[in-house]
Structures are given as C-alpha cells and as structure tokens.
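Here is what each chain is made of, one letter per residue.
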Amino acid sequence: MSPDRKHLRGDCDNCFGLCCVALPFAASADFAIDKQSGQPCSNLRDDYRCGIHSKLRQQGFRGCTVYDCFGAGQKLSQHTFGGRSWRQEPQAAKLMFEVFPVMWHLQELLWYLTEAIEHPAALPIRTELQAASDETERLTGFDAESLLKLDFAAHRAEVNTLLLKTSELIRAKVPEPKSGSRTKKPLGRGADLMGAKLQKADLRGANLRGSYLIAADLRGADLRHADLIGADMRDTDLSGADLSESLFLTQVQLQAAKGNADTKLPPALSRPEHWSSKKPATS
Ligand code: SF4
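Worth saying up front: this structure is predicted, and the values here are computed from it rather than measured. (Residues numbered from 1 in each chain as written. Predicted model: local features only at pLDDT ≥ 70, side-chain atom pairs only at ≥ 80, totals over all residues. Heavy atoms only, no water.)

Draft legend 1. Summary view of helix H3 (residues 72-80). Among the nine residues of H3, seven are classified as buried, and the element is accordingly described as predominantly covered. Taken residue by residue, H3 has Ala72, Gly73, Gln74, Lys75, Leu76, Ser77 and Thr80 as its buried positions. Buried positions along H3 lie against helix H4 (93-118), helix H5 (126-140) and helix H6 (144-149). (Buried < 20%, exposed > 50% of the residue type's maximum accessible area, 1.4 Å probe, protein only. Helix = DSSP H or I, 4+ residues; strand = E, 2+ residues; numbered from the N terminus. Contact = heavy atoms within 4.5 Å.)

The following block contains the structure:
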C-alpha cells in the first residue's frame, strides 16, 4: 500500500468502535438486527472490538464487512476527542456520533486526492490537487462543533472538479478500444449496467463514474485506467479482472464485490477475505 494512504484506512485498534454506534442499520440481508444511530451494536464488546468479527457474514452482518471509515474513526477518537471515548464522556457522545459522517466524507476526499496527486498523468494540476488535499487535511483538524458547521457540499464540489480533471487527463492517454471489445450499452456517469454481461470486455479508460454495476459480470475484464469513483459494485463479479490501475477504486467497493485470487488489484487495496481462491471460469 502507498505509505501515504495507510492512515486513510480504518484502524480499529485506535478507535472507540464509532461506526458500530454512530451508524444506524435496518434488519435486512446485510444486517441481522435493527439499530438506531447512537445505539451501541449488541455485538460490540467492552474493549470496543466486534464480538463476532471472524463470523460476521455467517451471522447475518454482511454489511459490516463492506464498510471502511477511511480512517475517520481513529482521527475522531484520538485527535478530535483526544483519546476520550463515548463511554468515558457520555455527555459528548451525541456530538461524537453526529460528527462521524462529516469526518468520514472528508477522509474519503483525502483518499481520492492522495491517489490523484500520486498519478504521473495528473502532473499538470498537481499543485491544485496538493492545495485541495492540504485544505481538506486542515478541515479534519477542526474541533467537533466547527466540523458540524462546515459547508462540506461547497468543499466537495471544488474537489470533485479537480478529480474530474484528473480522470480526464489519465483516461485521455488510453487508446480507443477495438470495435466490439466493449459493450453496446452506453457508458458514462451514472450508466445503468446492472447485471450487464461484460465478461472479458475492454474497459480500459472507461468512464464508469457513479455507474450501477450491481451483479454485472466483469470476469476477466480489463478495467485499467477506468474511472470507478462512486460506482455501485455490489455483487459485481470481478474474478480474473484487471483493476491494477483502475482510478478511484475503494476498499468498500471491493468488499461489496465478488472476486478471486486472479483479480488484479491496485497496490493501495487488499484482497477481501471472502473472495474465492478459485481460478475464474471465463469460458
Ligand atoms: S456486528 Fe460487529 S462490526 Fe458490525 S456493528 Fe456490530 S460490533 Fe460493529
């Protein structure tokens, strides 16, 4: 993993289980129980660790395995609240849980910005990217009350403009795919590719921003330099696919997808434990 992005992944050892308390969930295929925001999950132990961590999927908590806080949990626990937990300071608990999503969004932006800064093709706008990253980092240092007052939408819009430019710079260097090697379905932001048969498709440099790839068959597909920011990849089959140079891919997307030992991943991301170790069937 890039050394600059290690701190942008959840570090449960340095967090007071904030996601397991702050976030609500409804009983469904992803969660075995209902839980309100601010209510500690019944599986959360006194040491802030999950009591069923090794068997979350078997016990009906698949949703917990497709979550990553981008480091928001440890930043709030150790920096914003100075190592004091919601159990030690119940009067501050409500504030901690309210500010958690704000920090999550800021940390997510830092994830994308760090990737963009590292990319050689983004050199023409690296100064602007670095300034946006520095500003985002500065915002994460605010106290909790100030974080809640942030005009996050305005900040995100500025960052998104830069990320879009980065994507265009990188994808402009990718050669056009051979005719018939992609899909006849329209691609582009928000494309509906749910259940699409894209096995072995040449999707190099494709714009898949915010696309719906739910249960799409991407076995053996080439997704190098494809922009996947915000793509919904629940149950997308990535077995044998090449994502080694995909843009703006997150661990959350991988956790929600299916894959195997032959799926090629970017160095900043890790292979989900639940993925099959079998070779892909791409016939
Ligand atoms: S099941 Fe475990 S990981 Fe999921 S919310 Fe509860 S304590 Fe957290």
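Structure shown, so let's carry the discussion forward.
Draft legend 2. Representation of the environment of serine 146 in the model. Mapped onto the fold, serine 146 is located in helix H6. C-alpha separation for the pair serine 146 and arginine 126, spaced 20 residues apart in sequence, amounts to 28 Å.

Draft legend 3. Local environment of the site of the ligand. Surveying the vicinity of the ligand reveals the residues Cys20, Phe25, Cys41, Asn43, Leu44, Cys50, Leu56, Phe61 and Cys64. Broken down by class, the residue content of the shell around the ligand amounts to eight nonpolar, one polar and no charged. (Near = heavy atom within 4 Å. Nonpolar A, V, L, I, M, F, W, Y, C, P; charged D, E, K, R; others polar.)

Draft legend 4. Representation of the pattern of salt bridges in the model. For the structure on display, the rule yields 17 salt bridges. Aspartate 235 is paired through a salt bridge with arginine 62; the nearest N and O atoms lie 3.1 Å apart. Here arginine 62 lies in helix H2 (residues 62-65) and aspartate 235 lies in the loop between helix H7 (152-171) and helix H8 (251-256), a separation of 173 residues in the sequence. On the basis of relative accessibility, which here comes to 34%, the residue aspartate 235 falls in the partly exposed class. A salt bridge links arginine 204 to aspartate 202; the shortest N-O distance between them is 2.9 Å. The class for aspartate 202 is buried, based on a relative accessible area of 11%. Salt bridges here are not isolated pairs; linked through shared partners, they connect Asp202, Arg204, Asp222, Arg224 and Asp242. (Salt bridge = Lys/Arg side-chain N within 4 Å of Asp/Glu carboxyl O.)

Draft legend 5. Spotlight on the packing of aromatic side chains. Summed over the entire model, instances satisfying the criterion amount to eight aromatic pairs. Seen in terms of ring centroids, phenylalanine 25 and phenylalanine 61 are 6.4 Å apart; in terms of plane orientation they differ by 75°. Their pairing is edge-to-face. Remark: phenylalanine 61 occurs in the loop between helix H1 (19-22) and H2 and phenylalanine 25 occurs in the loop between H1 and H2; sequence separation between them is 36 residues. Its relative accessible area of 12% is what places phenylalanine 25 among the buried residues. Ring plane angle 75° and centroid distance 5.3 Å describe the contact between phenylalanine 70 and tryptophan 104, whose orientation is recorded as edge-to-face. Note that phenylalanine 70 is positioned in the loop between H2 and H3 and tryptophan 104 in helix H4, a separation of 34 residues in sequence. Residue classification places tryptophan 104 among the buried residues on the basis of a relative accessible area of 18%. Cluster of aromatic residues (ring-pair linked, three or more members): Phe16, Tyr48, Trp86 and Phe97. (Phe/Tyr/Trp six-rings, centres within 6.5 Å; stacked < 30°, edge-to-face > 60°.)

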